[in-house]
Amino acid sequence: MSDDIYREIILDHYRNPRNKGKLTDADVTIHDSNPLCGDEIDIHLKVEEDKIKDIKFEGRGCAISQASASMLTEMILNKPLSSVKNITKDDILENIGLMNLGPARIKCALLSLKVLKLGMVKYYSDRDPVAAKQVRDDSKLY
Amino acid sequence: MSDDIYREIILDHYRNPRNKGKLTDADVTIHDSNPLCGDEIDIHLKVEEDKIKDIKFEGRGCAISQASASMLTEMILNKPLSSVKNITKDDILENIGLMNLGPARIKCALLSLKVLKLGMVKYYSDRDPVAAKQVRDDSKLY
Amino acid sequence: MMQKSALNVSKIREDFPILRRKINGNKALIYLDNAATTQKPHSVINAISDYYMNYNSNIHRAVHQLAEEATVAYEMTREKIAKFINARSPNEIIFTRNATEAINLVSYSWARRNIGKGDVIVITEIEHHSNIVPWQILGDEKAAKLEYLRVDDRGYLSFQDYERYLQSNKVKLVSVSQMSNVLGTIIPIEQMIKMAHDKGIQVLIDGAQSVPHMPVNVQKMDCDFMAFSAHKMLGPTGVGVLYVKEEILEKMSPFIGGGDMIKEVHKDRTVYNDLPYKFEAGTPNIADVIGFGAAIDYLQAIGMNAVREHEIEMTKYAIKSLERVKGVTIYGPSNENHRGAVISFNIGDIHPHDLATLMNDQGIAIRSGHHCAQVLMDRLDLSATSRASFYIYNTKQEIDMFIDALERARKVFRI
Amino acid sequence: MMQKSALNVSKIREDFPILRRKINGNKALIYLDNAATTQKPHSVINAISDYYMNYNSNIHRAVHQLAEEATVAYEMTREKIAKFINARSPNEIIFTRNATEAINLVSYSWARRNIGKGDVIVITEIEHHSNIVPWQILGDEKAAKLEYLRVDDRGYLSFQDYERYLQSNKVKLVSVSQMSNVLGTIIPIEQMIKMAHDKGIQVLIDGAQSVPHMPVNVQKMDCDFMAFSAHKMLGPTGVGVLYVKEEILEKMSPFIGGGDMIKEVHKDRTVYNDLPYKFEAGTPNIADVIGFGAAIDYLQAIGMNAVREHEIEMTKYAIKSLERVKGVTIYGPSNENHRGAVISFNIGDIHPHDLATLMNDQGIAIRSGHHCAQVLMDRLDLSATSRASFYIYNTKQEIDMFIDALERARKVFRI
Ligand SMILES: Cc1ncc(COP(=O)(O)O)c(C=O)c1O
Ligand SMILES: Cc1ncc(COP(=O)(O)O)c(C=O)c1O
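Owing to the predicted nature of the structure, the values given are computational and were not obtained by experimental measurement.

Student: Help me out: how do you make sense of the overall build of chain A in this one?
Tutor: What chain A contains, in helices and strands, is six helices and three strands. Walking chain A from its N terminus toward its C terminus, one meets helices and strands in the order α-β-β-β-α-α-α-α-α. Taken against the 2.2 N^0.38 rule, which gives 14 Å for 142 residues, the C-alpha radius of gyration of chain A at 14 Å falls within 12% of a compact globule. By principal-axis analysis of the C-alpha atoms, chain A measures approximately 45 × 30 × 25 Å. Sorting the 142 residues of chain A into buried and exposed places 52% on the buried side. Of the contacts made within chain A by residues no fewer than 6 positions apart, 59% connect residues no fewer than 24 positions apart. A total of about 6,300 Å² of accessible surface is found on chain A, and carbon and sulfur atoms cover 49% of it. Across chain A, the centroid of the 22 positively charged side chains sits 3 Å from that of the 23 negatively charged ones.

Here you go:
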């Protein structure tokens, strides 16, 4: 039963997303969508001293994708790139507390992570091609 | 059983085809092939006073298609176009004595009739458009 | 309660094995995703198994018994389809993989030769991606222009737009869906076709949603091309149909090249096969074409008028019931005679995707998302809708349970 | 008699329901038309029925239970195929209708962008029409040239020709069949691929006859494209596979436009979907792809080495037996290690078509005609051959009965 998916905290992040908006001085902005349902996420990143100095997201979509994006921004704000780079699918699912999603809904939960990784590929591409490649390979997994 | 398909007369027409060859002064020459097996038939017609004055065929293919072509030439030589025009599928099958062919082999038996009809369409096309259309419509039936 | 339905639904339901399926342990499946694909009766499933168990063979080119039986059965479906849509001849019926490929066949074999720089293709804002993307690709390639007829909020077309485009004398093709797969709106295509033909313009009808759900007569409507899919009308996946008027088909160049579509191949030249084989290359989807024949038989036996009547009844009941649920917005025509049994809606701020998940808890399959019609979604300023769509085996009780599940979802989302 | 076969054929035969079929009243079916299409085991037929009876649904786009199950099963086949041919990733596997469509996909999506005026495409004289006609059409359109590598009477290729073409620096694509469907000849494609790659030229392998009958490893052979059909390897009709190296696939433009192959559609632009979906438009042939998964499982369980061994054994026995029949001419390599289990032959002046009819009287299904390889027939100066082809369920007893029937045909034709 899915009642436990739609716990208070998910509905709260869905209805009151954190870090929602644009960054005008972003180092990277990246967009992707889920062809399944049309959910869209944009992520804006500001990096300073190899840290996520600021992050904002825009998006529209289901409670899972939007709450997951909101929670992801909280999770990585002020974190060093080196650790953000290694965030896995499971980290996200644990973070949002949804370990039992089916194959379709899991894509909703992971859309923001996919966008984040694509953003990091873009960020690294001139600065650190090896890291770019690693992140790109990871991001193909979902 | 197909033993009765390959009666003496069919094998005879297959091995000793009548009216085989070319007509250098033909009024119409027409070619078609059976995509099923690659059997080919060319028919050359000489028409005089609305009669089939001369007919020759060339071809390669199975005993049924070649014997049927050979027997068709005998059947229509010196016949008036008006009656040739109306020859049906059943006339042919009766002529060669094979009323029980399956849907694939029936195409072999009727290839020469198809070529003949296409030839008559060609012959009539300038001379008698109404007849041309009638024969064309008929020839679509197999 | 009096049975006043156009169909004997409880008898029909016995023919569909999947309707005995349980979801989430003990919930009976309520399948309301029929616009995406329909379920299959025993007769269709058995026709496929029977082919593989008794006469599986490649067709057209062999003389052994299995090949003859398979060829006859395959060609029989072509005849059945020709009758079903009232084509002049089975030669006008081409088998493809799905409706999408059928539309692309027209774009490759006909439009690439007949549409050039500056020409215009007219479609509408309600089109499915399958009737948009092929024309975008063609437009890019040929520098032709794609114009979208506007629709109002209910999916009704602007005929003013249409006339204006037709007057321009640049239109080479009109391609429209007879029924919207999102709003259910039925488009007055007979009138549209007449107007285009008066200007000598060809018309393609996307019949993916109409052919399965109402009587369709290609000679009466006089379209030049029509595309539809077997899987949306009780048939198997993997089979689509392209109907083309024979005089147009005769002039079309081939699309897929290979075996079966040729008469003679030489190193430097090829003679193509007669119609319709010229457009069917390689080993066809024999089993599923035969299976589709059984689906046509099934629908013919019920009668397409009765199918349509049943769906009108269901639509009316569903709309009435939905209107009573707090927070629900229904899209598309409110008059059930102007629409098919496809109902898009939203409820409060519950995203359709989330709603579908909650409905699934109750064993109810509905669709959510953009329904492959993003241009329409943009037009309606929506990112997604929920969609319930009905077919011959659906009942009013199922609609009642669907409504109960909606109420339950409202509670979960605290609205 | 000692059982020394590579396969437990009598056990295998129990899995194929059609082998209990009787022809002409009481003759057991002897099916020797496997190069055209193979028969299907219970597991494949059941996988298809099971899908329709229990979880039929459209895939990729819905969240309800049936859709999730169907999506997982469909994608599972992609993974199985990737493993079966040792692709790097399932993203390199594209589902088409058949091998023919797979080759055409390369011609539309890759070759149309990469081959231009004066460029050369190299194929061979043994090719199936499916690997000739697409290139003729492309050649006409682009003013590119199609060159045929010559073969000798046994189907062995001229490497001298090949080197000469490669030296010309005009070749943009080499497209060859790994195994002739007429002569059975196995082409040394690894060497051909290496020679082409040394010149930076891409290679397409038509694996329609090889993948079903021997171990094939795309990474080892290093081909750029490979096409094959499910129906020739125990799978259903209606499914083909195109393998493409991912780095090439990433640069290919779309072929069929429509639903499922897009990520976003707007009025004036479209964002295509990720690989491999960009190349699969519209509702796929879901049931049959799932059925194909069961066929792959079946072949994996037997092992492709054992399949090949069994066929070598059958070929050797068949050739030896045929050689003893008066008036028989056998085509193709005499060494069974250089060939697949496809034997073309003629006998006296009996036309193959007539022979097939007479064989059918005895319940024996063989093929006759040009086998969709008219260029080869022209080369060999033949208008038709008879062809017997074997698979995992054929036995030596069946070959004996086939020989008896040949002797009988000789009598009917009085030769
Ligand atoms: C060598 C070869 N290539 C291509 C094909 C075409 O396969 P399909 O008809 O499944 O597209 C065949 C089968 O007939 C074949 O034998
Ligand atoms: C209106 C319309 N057109 C075209 C299609 C495409 O059908 P298919 O996916 O079977 O090619 C659909 C179905 O999704 C549809 O609803």
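Next comes the rest of the account.
Student: Honestly, the domain arrangement of chain C in this entry has me stumped. Any pointers?
Tutor: Residue and element names in this part refer to chain C. If you check the domain split of chain C, you get domain 1 (9-31 + 303-412) and domain 2 (46-301). Computed from C-alpha atoms alone, the centre-to-centre distance between domain 1 and domain 2 is 28 Å. Between domain 1 and domain 2, the residue contacts involve 34 residues of the former and 34 residues of the latter. Taking both sides of the interface into account, the surface hidden between domain 1 and domain 2 amounts to around 2,700 Å²; carbon and sulfur atoms contribute 59%. Linking domain 1 with domain 2 are two salt bridges, by the criterion used here. Contributions of two or more residues to the side of domain 1 that touches domain 2 are made by helix H11 (304-323), strand E14 (342-347) and helix H13 (374-380). Here the residues of the side of domain 1 that touches domain 2 are counted per class, giving 17 nonpolar, 11 polar and six charged.

Student: What is the right way to look at the interface of chain C and chain D in this model?
Tutor: Accessible area lost on assembly of the parts is the figure often given for the size of an interface. Contacts between chain C and chain D engage 90 residues on the former and 91 residues on the latter. Buried surface at the junction of chain C and chain D, summed over both partners, amounts to about 7,300 Å²; 54% is from carbon and sulfur atoms. By the criterion of area lost to chain D, the three top residues of chain C are Tyr52, Arg97 and Lys267 of chain C, representing 11% of everything that side buries. In this structure, the connection of chain C to chain D is made through six salt bridges. Residues glutamate 69 of chain C and arginine 21 of chain D are paired through a salt bridge, measuring 2.7 Å at the closest nitrogen-oxygen approach. Counting residues per element, the side of chain C that touches chain D draws most heavily on helix H2 (residues 42-55) of chain C, at nine residues. When grouped by side-chain class, the residues that make up the side of chain C that touches chain D number 38 nonpolar, 36 polar and 16 charged.

Student: Is there a simple way to think about the environment of leucine 406 of chain D in this case?
Tutor: Residue and element names in this part refer to chain D. Within the secondary structure, leucine 406 is located in helix H14 (residues 396-412). Overall, leucine 406 belongs to the buried group, its relative accessible area being 0%. Those residues in contact with leucine 406 that sit more than four places away from it in its chain are Leu322, Val325, Phe345, Ile347, Leu355 and Met359.

Student: How should the sheet that holds strand E2 (residues 40-48) of chain A be read in this particular structure?
Tutor: To summarise the sheet geometry, strands pair through backbone hydrogen bonds and adopt either a parallel or an antiparallel arrangement. All names here are of chain A. Ordered by their spatial adjacency, three strands build an open sheet running E1-E2-E3, and the pairing between neighbours is antiparallel. The open sheet is flanked by strand E1 (28-33) and strand E3 (51-60), the only strands paired with a single partner. Neighbour to neighbour, the strand axes of the sheet diverge by 15 degrees on average, direction disregarded. Pairing of E2 with E3, which is carried by nine bridges, proceeds in the antiparallel orientation. Residue pairing for E3: lysine 46 is matched across the bridge by aspartate 54. Packed onto the sheet, helix H2 (residues 63-76) meets E2 and E3 and runs at close to 170 degrees relative to E3. Against the sheet, helix H5 (residues 103-127) makes contact with E1 and E2, and its axis sits at roughly 140 degrees relative to E1, the strand it touches most.

Student: Explain the relation of the copies chain C and chain D to me, please; I cannot follow it from the model alone.
Tutor: One chain copy maps onto the other through a rotation about an axis and a shift parallel to that axis. Take chain C, turn it by 180 degrees, move it 0.0 Å along the axis, and it overlays chain D with an RMSD of 0.0 Å. Overall, the copies show the geometry of a two-fold rotation axis. Looking at the interface residues of chain C, 100% of them are also at the interface in chain D, so both copies use one shared face.

Student: Would you take a moment to explain the sheet that holds strand E13 (residues 328-330) of chain C for this structure?
Tutor: All names here are of chain C. With antiparallel pairing, four strands are arranged side by side in an open sheet as E13-E14-E17-E16. In the strand order of this sheet, the two ends are held by E13 and strand E16 (367-369), each with one partner. When strand polarity is set aside, the average angle formed by the axes of neighbouring strands in this sheet is 30 degrees. Along the sheet face, H11 touches E13 and E14 and points at about 5 degrees away from the line of E14.

Student: Mind showing me how you'd approach the interface of chain B and chain D here?
Tutor: Taken residue by residue, the interface counts 22 residues in chain B and 20 residues in chain D. Here chain B meets chain D over a buried area of about 1,700 Å², counting both sides, of which 48% is carbon and sulfur. Along the contact surface separating chain B from chain D lie three salt bridges. The partner of arginine 105 of chain B in a salt bridge is aspartate 354 of chain D, with the nearest N and O atoms 3.0 Å apart. Scanning the region where chain B abuts chain D turns up nine residue pairs in polar contact (both at pLDDT 80 or more). Among the elements of the structure, helix H1 (8-15), helix H2 (63-76) and helix H5 (103-127) of chain B are those that each provide at least two residues to the side of chain B that touches chain D. Counting residues per element, the side of chain B that touches chain D draws most heavily on H1 of chain B, which supplies four residues. Considering only residue class, the side of chain B that touches chain D consists of 12 nonpolar, three polar and seven charged.

Student: Sorry, what's going on with the side chain of histidine 129 of chain D here?
Tutor: The residue histidine 129 of chain D is located in the loop between strand E5 (120-124) and helix H5 (133-142) in this model. Histidine 129 of chain D sits in the buried class, given a relative accessible area of 0%. A polar side-chain atom of histidine 129 of chain D sits 2.9 Å from the main-chain amide nitrogen of glutamine 374 of chain D. Not counting residues up to four positions away in its chain, the partners in contact with histidine 129 of chain D are Gly258, Gly259, Ile262 and Val265 of chain C together with Pro134, His370, Cys372, Ala373 and Gln374 of chain D.

Student: I tried to follow the site of ligand 1 on my own but got confused; where do I start?
Tutor: Near ligand 1, the surroundings consist of 15 residues, among which Thr283 of chain C together with Thr100, Asp206, Ser229 and Lys232 of chain D are the closest. Neighbouring residues of ligand 1 are not confined to a single chain but are spread across chains C and D. Threonine 100 of chain D places a polar side-chain atom, nitrogen or oxygen, 2.5 Å from an oxygen atom of ligand 1. Contacts to ligand 1 include aspartate 206 of chain D, whose side-chain N or O atom sits 2.5 Å from a nitrogen atom. Split into classes, the residues belonging to the shell around ligand 1 amount to two nonpolar, 11 polar and two charged.

What counts, and at which threshold
- Residues numbered from 1 in each chain as written.
- Chains lettered and ligands numbered in written order.
- Predicted model: local features only at pLDDT ≥ 70, side-chain atom pairs only at ≥ 80, totals over all residues.
- Heavy atoms only, no water.
- Helix = DSSP H or I, 4+ residues; strand = E, 2+ residues; numbered from the N terminus.
- Rg over C-alpha atoms; globule rule 2.2 N^0.38 Å.
- Buried < 20%, exposed > 50% of the residue type's maximum accessible area, 1.4 Å probe, protein only.
- Contact = heavy atoms within 4.5 Å.
- Areas by Shrake-Rupley, 256 points an atom, 1.4 Å probe, with all protein chains shown as cover.
- Lys, Arg positive; Asp, Glu negative; His and termini not counted.
- Charge placed at Lys NZ, Arg CZ, Asp CG, Glu CD.
- Domains from an automatic or database assignment.
- Buried area = accessible area lost by both parts, 1.4 Å probe.
- Salt bridge = Lys/Arg side-chain N within 4 Å of Asp/Glu carboxyl O.
- Nonpolar A, V, L, I, M, F, W, Y, C, P; charged D, E, K, R; others polar.
- Pairing = 2+ DSSP bridges.
- Axes fitted to C-alpha atoms, helices over the stretch in contact; angles between N-to-C directions.
- Least-squares fit on C-alpha atoms with pLDDT ≥ 70 in both.
- Polar contact = N/O pair within 3.5 Å; in protein donor to acceptor, adjacent residues only side chain to side chain.
- Near = heavy atom within 4 Å.

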